[in-house]
Each structure stands twice: as structure tokens, then as C-alpha cells.
Amino acid sequence: MTRWSWAAFTALLVFTMGTSIITPLLPLYVERYSLGNGEATLLFATYTAAVVPTMLLVGNLSDSIGRKRVMIPGIIVLTTASLIMGLADDVWMLFLGRALQGVAIGSFLGVGTAFVVDHARPEGKGWAASLAGFGFRLGFGLGPGIAGIVAEYGPYPLRLSFLGHAALMSIAFVAVALTPETVTRRPVRLRIRIGVPPGQMAAFATFLAPAAFLLSFLDATLLSLVPLYMAESLGVRNIALIGAVGFLVLAMGGLAPFLAPRVDPRRAVMVGCATASSSLLLVLAAAALDAPALVLVAAGLIGLLNGFILQGAMIICGVSVPIEERGKLISALYMCAYSGTLPTVAIGFISQSLGLSAALGIAAAAAMTIALFVILVGGRLFRVVTPHIEATPVGA
């Protein structure tokens, strides 16, 4: 890691802290604006509608116009979003802020990760990629973790975290502005490359796609439904404790590549799906046993196991197809992952009739069903990871 890699890493860490601040504040928004659980989960999921198309467009754009010409506008957009949410006095402002957060994270995350790797020394690029992945997961986790503490023990619980993050974004701006550009500007070619290479559809549709969907579904459940469940069903009034759930489920996933760097990717996906989905039962047990601490245990386990699912899926995408097909396969994987956020909105509305405990029971049953499909169907059709061997040029 060079000093410029660390500068880019700092920007990535500060940037990603902003998008998950909302998690511990959801029960407060429900109380202040008289929102239903469905509306609260919809508020959380709104950014998904913006993040995917932005990511697909901007990832290719940065290869033509340069990283910084994409990252700096992303910083400005996210700073604006944090200001809007920090100053919001109506629900529509919150939805607008969430949509802008989606645009910002879609434009910055992939490009910012590449920027960290670009500035690493050749022998350290693998380490830089792992560190960047850990950095943005840690940033995502620090957002709700710090926001919960600020909301519980500081003034202006719905404002201070967002406004503080807007101020911190000046660090990200300076870090990116001072770091040298790594891409030579060339004619713009806007291409959206997404799809599954020939011969990979069975493995993708039955193994990778449902695993990525499950990962996101579990994340979104812990980050949107569980905060409401803790406040309503478990009687938790300490916002810092609710924020700790967000920290654990997001930050723990970043540890997976360091804890098991040589894990078999297929096994990592299957074990991760099976154990992460069943860990939702601990959340349900918390109400029966009057033990909110079980939610924290479940959040940490699910976060770590989701990290293994993502690690395994990314390794499979990275080694099993030609380099010219890799980008569009990973884009398809991200599309499936982000779509897993959407069913939590339906479960939120269901909870308004059946209650949050019953709704989380439905979520747990759905998660375990998807996991069984990955293991029993996908595992049989995709029995081994076969690395793609690049053709050697004639005369080489």
C-alpha cells in the first residue's frame, strides 16, 4: 500500500459511513412521522432503485474519463444527501435523501475500490483489493454504529449524525482531490455490460444468483426490519444497541477474506447460506427468551457468514470465466444481490397485519428455503469450480 492507496482508502471509508446511518434511526422515524413498518422498510430500500443503474453506467464511465471525474461528483451528491436527511422536516425529504444516497454509492463504490488498487504496488494489489473490501464493509458498519451512539447520548438524534457525516466528507474530498489520477482520459464509451457467459447459466441461476439474493435479503432484514422488531417487540429503547446490530452485520463481513483466505469458494457459499439463514432463528428466539443480546449474536454471525458467501461468489466469478466476460458476470451478480433488498418491503407491510415476530418468521422460512435450493439444486448442478485457462498465444 502506497500513501496514495491509503488516501483513497480513507476516502472510501468515510464515504461509505453515510449510507447506513438510517438503520438505528428507523424506530425514531416511525415514531416522529407515524410511519408504518412497510413505509419504514420502503424508506430503507429506496436507494436500491438508484444504486444499480448508476453502478452499471458509471463503472464503465470511469475507465474513459478517469476515476476522479466520477468520484468527486459522487462525493458532492452524498454530501448533499446527508445534508438533506440531516435537515429533513418531512418524509419526502427522507426519500429524496435516500435516492441520492443510492446514486452516490452507485457512482463511488466500485470506482473507489478500483482507485485503492490502482495506487498499490504491483506485488500488493491483491492485498489492496482485500483491504478495500474490508474498508467499505467497515465504513458501512461504522455508520449505524456511530449513529446509534450519537442518537442515544447526543442532542438532535435525527440530525446530528447526518450533519456530522456531511462535515466528514470534506476529508474524502481532499483525499481524492490530492490523489493522482490513474486513468488516461480517452473517448467516452457508455456500455452496460451485464449477462451470463455461455455455458454458465445453470450454475449462475441455481447457485450464484440465489446465494447473492439471499445475502442481500439477510442484510436488509437485519438493517430495516430488525431495528423495528427490537423497538416494538423486544422493548429496546437504547438506540446505541440497535445501531450495534447494524455495525455487526455489516462490519463482520469484511473479516471473511482475512479469516479464511484459502477457503474453497463453493463450500464457502453453501455453508454460508445454510448457517446464515438459520441464524435468523436466533432473532426470533430473542423475543421468546426475552434476550435482546441474541439479536447481537445473530447479527455478528450473519454478517460474518454473508462475508463468506460474497467471498466465495466473487472467487467463482473471477476464476471460472474469461477475463473479457468477468465484468458482465460480476455485474449480473450485483444485480441479483441488490434485488434481495426488495422483498423486505413486502415483509414490512405484512408485519402491519401479522406483527413483526410473525413477519420475521416468514423471512426466516423464506431464507432457509433459498438456502436449501442453493445446496440441494445448485450444489448438484454446480459440483466443482473449474478455473478458466486463458489461451496461450501462438509462438509465446
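Residues numbered from 1 in each chain as written. Predicted model: local features only at pLDDT ≥ 70, side-chain atom pairs only at ≥ 80, totals over all residues. Heavy atoms only, no water.

K.L.:
When you look at the overall build of the protein chain in this model, what are you seeing that I'm missing?
P.N.:
In terms of helices and strands, the protein chain carries 17 helices and zero strands. Computed over its C-alpha atoms, the radius of gyration of the protein chain comes to 21 Å, within 12% of the 21 Å expected for a compact globule of 396 residues. A principal-axis box enclosing the C-alpha atoms of the protein chain has dimensions of 70 × 50 × 35 Å. In the protein chain, which comprises 396 residues, the proportion classed as buried is 56%. Nonlocal contacts in the protein chain, meaning residues at least 24 apart in sequence, comprise 86% of its contacts between residues at least 6 apart. By element, 68% of the accessible surface of the protein chain is carried by carbon and sulfur atoms, the whole surface being about 16100 Å². For the protein chain, the distance from the average site of its 23 positive side-chain charges to the average site of its 16 negative ones is 10 Å. (Helix = DSSP H or I, 4+ residues; strand = E, 2+ residues; numbered from the N terminus. Rg over C-alpha atoms; globule rule 2.2 N^0.38 Å. Buried < 20%, exposed > 50% of the residue type's maximum accessible area, 1.4 Å probe, protein only. Contact = heavy atoms within 4.5 Å. Areas by Shrake-Rupley, 256 points an atom, 1.4 Å probe, with all protein chains shown as cover. Lys, Arg positive; Asp, Glu negative; His and termini not counted. Charge placed at Lys NZ, Arg CZ, Asp CG, Glu CD.)

K.L.:
Which parts of the structure should I look at to understand the side chain of Ser279?
P.N.:
Position of Ser279 relative to the elements: it lies in the loop between α12 (265-278) and α13 (280-288). What Ser279 contacts, discounting residues up to four positions off in sequence, is Ala298, Leu301, Ile302 and Leu305.

K.L.:
I tried to follow the packing of helix α2 (residues 22-33) against helix α7 (residues 125-153) on my own but got confused; where do I start?
P.N.:
A packed helix pair is summarised by two numbers, namely the angle formed by the two axes and the spacing between the axes. Running from amino to carboxyl end, α2 crosses α7 at an angle of 40 degrees, the nearest separation of the two axes being 7 Å. Between α2 and α7, the crossing angle belongs to the class labelled oblique. Contact with α2, carried on its side by Thr23, Pro24 and Leu25, involves Pro144, Ala147, Gly148 and Ala151 of α7 and no other residues of that element. When grouped by side-chain class, the residues that make up the contact of α2 with α7 number five nonpolar, two polar and no charged. (Axes fitted to C-alpha atoms, helices over the stretch in contact; angles between N-to-C directions. Parallel < 35°, antiparallel > 145°, perpendicular 65-115°, else oblique. Nonpolar A, V, L, I, M, F, W, Y, C, P; charged D, E, K, R; others polar.)

K.L.:
Please explain the environment of Phe373 as it appears in this structure.
P.N.:
With respect to the secondary-structure elements, Phe373 resides in helix α17 (residues 356-381). Overall, Phe373 belongs to the partly exposed group, its relative accessible area being 36%. Residues contacting Phe373, with those up to four places away along its chain left out, are Ala205, Thr206, Pro210 and Gly378.

K.L.:
Looking at this structure, how should I read the side chain of Thr221?
P.N.:
With respect to the element layout, Thr221 can be found in helix α9 (residues 201-232). The exposure class assigned to Thr221 is buried, which follows from its relative accessible area of 0%. Those residues in contact with Thr221, other than ones at most four positions away along the chain, are Val226, Leu280, Thr344 and Leu360.

K.L.:
What's the story with the packing of aromatic side chains in this structure? I'm lost.
P.N.:
Scanning the model with the defined rule gives six aromatic pairs in all. Geometrically, the ring pair formed by Phe134 and Phe258 is edge-to-face, given 5.8 Å between the ring centres and 90 degrees between the ring planes. With Phe134 in helix α7 and Phe258 in helix α11 (residues 256-259), this pair connects stretches of sequence that are 124 residues apart. Relative to Phe140, the ring of Phe136 has its centre 6.0 Å away and its plane inclined at 70 degrees; by these criteria the two rings are edge-to-face. In this pair, Phe136 and Phe140 are both assigned in helix α7, four residues apart and thus about one turn of the helix distant. (Phe/Tyr/Trp six-rings, centres within 6.5 Å; stacked < 30°, edge-to-face > 60°.)

K.L.:
Looking at this structure, how should I read α12?
P.N.:
For the α-helix, the turn length of 3.6 residues means that residues three or four positions removed from each other point alike. Along its 14 residues, α12 runs 20 Å from first to last C-alpha, staying within 8% of the 20 Å computed at 1.5 Å per residue. When we look at burial in α12, the residues that qualify are Pro265, Arg266, Ala268, Val269, Met270, Gly272, Cys273, Ala276 and Ser277. (Expected span 1.5 Å × (residues − 1).)

K.L.:
Explanation requested: a nonpolar patch on the surface in the structure shown.
P.N.:
Judged by side-chain polarity, Leu372, Phe373, Leu376, Val377 and Leu381 come together as a nonpolar surface patch covering roughly 440 Å² of accessible area. For Leu376, the location among the structural elements is in helix α17. Under the relative-accessibility criterion, Leu376 is labelled partly exposed at 46%. (Patch = residues over 30% accessible without salt bridge, like charges linked within 9 Å, V, L, I, M, F, W, Y side chains within 5 Å. Salt bridge = Lys/Arg side-chain N within 4 Å of Asp/Glu carboxyl O.)

K.L.:
Any chance you could explain unusual backbone geometry here in plain terms?
P.N.:
Phi is mostly negative for residues that are not glycine, and the peptide bonds are mostly trans. A positive phi angle, near 55 degrees, is found at Ser34, a position not held by glycine. Residue Ser34 is classed as exposed on the basis of its relative accessible area of 63%. Positioned with a positive phi, Tyr156 is a non-glycine residue whose angle comes to about 50 degrees. With respect to the helices and strands, the residue Tyr156 is situated in the loop between α7 and α8 (160-178).

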